Amino acid sequence: MDNHEDALEFIEESSKYSERCSNEGYQKKNYEECVKAREESSNIANSPCQYSLNGTGFSPTTATISKLPPGVYTPGSINNAFTYIPEDMVTDKLIKFPDSRSDLLLKEIENFWNLKDEFKKGNSQANGGFLHKRGYLLYGPPGSGKTCLIKLVIKDIVSKGGIVLLGNCSPYYVITGLKLLRLIEPEKPVVVLFEDFDALLERHDESEYLSLLDGENSVDNVLFLATTNYPSKLDPRLYNRPGRFSDVIKIGMPSSEARRLYLETQLKDSRDIDRIVENTDGFSLDHLKALVLGVYFEKKDLNKEIERLRILFKPIKDDSGSRNSIGLASSSHSVSDEQKKGWHG
């Protein structure tokens, strides 16, 4: 995974920074303990059933659990109380492309979680004493597979007993959620996800994100993951310090190998796969999904549907040369100047 070239390309794109313009589910998992009391009786669900310590006194409270169950949450407020709100996860098939860019990134993230003790205590080559914190910024054209990669990261961290906090809310709630979680569960691994980061920055105070990414609240054992379709809309202050995003990684359009693997997982009959792969250069996974639905469910003509999708959605051919896209071997085609203008808004 040539992150050096990604960084150079990202800087080139982001140098076009200009005035930003305005421009998410997840599967509930492993929180049976959290909802058991509610299932018994809706009347009892929110009724006090025990006491919590409150200064020198005791306050009636509802049922409690000692640990936040693994899963995906949006930090927010319910009944004026800070709450980790469980979210659903889309149940579409997740495909892990071997020896691909996404696969390499997943391995790099896995290595990060395994380095916790070395960050703290050091190793044979360097002293420790560092926060166990890392950030990745994924960029690429719409439909290139960033969301697919994110879902793989989510699936992996939840399977390890960790949680994901969705950052599509006020940064205040994200910061509060991290601080409270660390007070209660110091060791639980956490991924904080900022999808469409440029759009979030339009709605909230940029300085709060800078504070969060800089680790001013000393939140440990956390991975920040952000995505953007538009590097040119990000203020350079957000990425010009390695402590904020340790790496920027391009997720390009699926290669022919990736398209073939996707089709092999979707189609029971392989007779059309060669023809589809040959004629869908530049198609995203969303293009391929629409093609499968149109041809094999709605019974449309294959050639006409390929052409319709190409005309209507203008697929972007990958320009990453010999590097991997979406973790796949990239196409050798270039993005035209006209397509780049559309890409950058």
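Residues numbered from 1 in each chain as written. Predicted model: local features only at pLDDT ≥ 70, side-chain atom pairs only at ≥ 80, totals over all residues. Heavy atoms only, no water.

(A) Molecular detail of the sheet that holds strand β7 (residues 190-194). Reading across the sheet, the seven strands line up as β4-β3-β6-β7-β8-β5-β9 and stay open at both edges, with mixed pairing between neighbours. Looking at strand neighbours, the two that pair on one side only are β4 (81-86) and β9 (247-250), the edges of this open sheet. If you compare each strand with its neighbour and ignore which way they point, the axes differ by 25 degrees on average. Pairing between β7 and strand β8 (residues 222-228): five bridges, direction parallel. Within β8, the position partnered with phenylalanine 194 by the bridge is alanine 226. Contacting β3 (71-78), β4, β6 (163-166), β7 and β8, helix α7 (residues 171-184) runs over the sheet at an angle of about 90 degrees to β4. (Pairing = 2+ DSSP bridges. Helix = DSSP H or I, 4+ residues; strand = E, 2+ residues; numbered from the N terminus. Axes fitted to C-alpha atoms, helices over the stretch in contact; angles between N-to-C directions. Contact = heavy atoms within 4.5 Å.)

(B) Quick peek at the packing of aromatic side chains. Counted under the stated rule, the structure contains eleven aromatic pairs. Seen from their ring centres, phenylalanine 82 and tyrosine 84 are 5.1 Å apart, and the 85 degrees between their planes marks the pair as edge-to-face. Site record: aromatic cluster; members linked through ring pairs are Tyr73, Phe82, Tyr84, Tyr172 and Tyr173. When the ring centre of tyrosine 230 is taken as origin, the NZ or CZ atom of lysine 233, which lies over that ring, is 4.4 Å away. (Phe/Tyr/Trp six-rings, centres within 6.5 Å; stacked < 30°, edge-to-face > 60°. Lys NZ or Arg CZ within 6 Å of the ring centre and 35° of its normal.)

In short, shape yes, function no, at least from these values alone.
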